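# Understanding the architecture of this molecule
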Amino acid sequence: RCEICSEEEAKYRCPRCMKYSCSLLCVKKHKLALSCNGVRDKTAFVPVNKFTDLNLLSDYRFLEDVGRTADAAARHPTAHSPATKKILYCLRNKARKCNIDLRTLPIGFTKRRENSTTFNGTEKKFYWHLKLVFPHCHAEYTLKGVPEDKRLADILKPYIDPVESDPVVCQRLKIYTASPQSDVQILMKIENRRQNSVRYNELDASRSLLDNLKGKVIIEYPTLFVVLKTLKNDMVVLGQDTSGPAENSDNESSSISSVEEGEIRDSA
């Protein structure tokens, strides 16, 4: 049966999330509801016992695509431009003076193309490219030219404030606008960690963007995750005590004490 309407026999299966659907309408509904782009995840984990020749061929083609992209980036006319290098060096140097470890990616990476962060020499402050992610509503918003001295609470007002937010945005993020502000938690992923040991820093909404970024590693631009404390999610905050009782099996509860603090456990 179709997993969207539960009425018709399924005819299609999404290459990315593996959801079954029966028609184009249901395909569009599932993409909208799950924010799924329908493109197969070439880097998805495949167990050894399920690894086939098709997976091997897929990996080989993926590596070829990466090689072509890297070669094209190296040949890009602005890749070795003195002006480009000077701008990036200036950004990293100014960020270092603010106790921010700003790292830039090579030409060709999506985040490198998207990044619009600038430093105003006259005002002597950053204007950041910022991405806001609302995982409970599967919504993302990109902000450009956010001044470093703006408080996080003021940055979020147009999105989750029940009075000042845009009506269209408010409707999409109604689960946030209907919740008290004390339940809103702003997290930022800690970079340079193992994929199976993801941690997040909790940011202070009452402080400026610059104060929250100090002492942290930023790859191109900050990405902030806005979550609700009352809703369960797998985003574990650094320093959070994970020694509480587990909700699953007794085996998990007996092994939880051995898990590194702040690490996300694979329930599978």
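Residues numbered from 1 in each chain as written. Predicted model: local features only at pLDDT ≥ 70, side-chain atom pairs only at ≥ 80, totals over all residues. Heavy atoms only, no water.

The number of helices and strands found in the chain is nine helices and ten strands. The buried share among the 268 residues of the chain stands at 33%. A sequence separation of at least 24 residues applies to 52% of the contacts in the chain between residues at least 6 apart. (Helix = DSSP H or I, 4+ residues; strand = E, 2+ residues; numbered from the N terminus. Buried < 20%, exposed > 50% of the residue type's maximum accessible area, 1.4 Å probe, protein only. Contact = heavy atoms within 4.5 Å.)

Pairing of side chains with opposite charge becomes possible as their charged atoms draw close. The full count for this structure, using the stated rule, is ten salt bridges. Through salt bridges with shared partners, a single network forms among Lys42, Asp65 and Arg68. (Salt bridge = Lys/Arg side-chain N within 4 Å of Asp/Glu carboxyl O.)

As for its placement among the helices and strands, Gly108 is situated in the loop between strand 3 (101–103) and helix 4 (110–114). In this structure the C-alpha to C-alpha distance between Gly108 and Ala70, which are 38 residues apart in sequence, comes to 7.3 Å.

Leu132, Phe134, Tyr159 and Leu173 are the most contacted members of the largest nonpolar core, which totals 34 residues. Secondary structure elements with two or more residues in this core: helix 3 (82–97), strand 5 (125–134), strand 6 (139–147), helix 5 (152–160), strand 7 (184–189), helix 8 (209–213) and strand 10 (223–228). Here Phe134 is in contact with Ala139, Tyr141, Leu156, Tyr159, Ile160, Leu173, Tyr176 and Val226, once residues within four sequence places are set aside. In terms of nonpolar packing, the next biggest core, distinct from the first, is built from seven residues, Leu187, Phe225, Val227 and Val237 among them. (Core = buried A, V, L, I, M, F, W, Y, C linked by side-chain atoms within 4.5 Å.)

UniProt feature "domain: HIT-type" (unreviewed entry): in the numbering of this structure it lies at residues 2–36. Helix makes up 31% of residues 2–36 and strand 11%, and the two end C-alpha atoms of the span are 17 Å apart. (UniProt positions renumbered as here; feature names shortened; annotations may be inferred.)

The buried count for strand 5 comes to nine of ten residues, which makes it a mostly enclosed element. Sheet topology note: the strand 4 (residues 118–120)/strand 5 ladder contains three bridges and is antiparallel. If you follow Asn120 over to strand 5, its bridge partner there is Lys125. Counting the residues that bridge the hairpin from strand 4 to strand 5 gives four residues, and of these Lys124 lies at a positive phi of roughly 55°. Pairing of strand 5 with strand 6, which is carried by seven bridges, proceeds in the antiparallel orientation. Each bridged residue has a counterpart across the sheet, and for Trp128 the counterpart in strand 6 is Val146. Linking two consecutive strands that pair antiparallel, namely strand 5 and strand 6, is a turn of four residues; a positive phi of about 55° is found at His138 within it. Here strand 5 runs beside strand 10; their pairing, made up of three bridges, is parallel. Note on strand 10: the bridge partner recorded for Val133 is Phe225. (Pairing = 2+ DSSP bridges.)

On the surface, a nonpolar cluster with roughly 340 Å² of combined accessible area is contributed by Leu54, Leu57 and Tyr60. Inspection of the secondary structure puts Leu57 in helix 2 (residues 53–74). (Patch = residues over 30% accessible without salt bridge, like charges linked within 9 Å, V, L, I, M, F, W, Y side chains within 5 Å. Areas by Shrake-Rupley, 256 points an atom, 1.4 Å probe, with all protein chains shown as cover.)

Take the packing of aromatic side chains next. The full count for this structure, using the stated rule, is seven aromatic pairs. Relative to Tyr159, the ring of Phe134 has its centre 6.1 Å away and its plane inclined at 35°; by these criteria the two rings are tilted. Of the two residues, Phe134 is situated in strand 5 and Tyr159 in helix 5; the sequence distance between them amounts to 25 residues. Tyr159 carries the same exposure label as Phe134, and that label is buried. Relative to Phe225, the ring of Tyr200 lies with its centre 5.7 Å away and its plane at 80°, an arrangement referred to as edge-to-face. Note that Tyr200 is positioned in strand 8 (residues 200–203) and Phe225 in strand 10, a separation of 25 residues in sequence. (Phe/Tyr/Trp six-rings, centres within 6.5 Å; stacked < 30°, edge-to-face > 60°.)

Take helix 3 next. Here helix 3 contains 16 residues, and its C-alpha end-to-end distance of 22 Å stays within 8% of the 22 Å for a straight helix at 1.5 Å per residue. Buried within helix 3 we find Thr84, Leu88, Leu91 and Ala95. Along the axis of helix 3, the buried positions cluster into a sector of 55°, meaning they face one direction only. Exposed side of helix 3, more than 90 degrees from the buried face: Pro82, Lys86, Tyr89, Arg96 and Lys97 are the residues found there. (Expected span 1.5 Å × (residues − 1). Arc of directions from axis to C-beta.)

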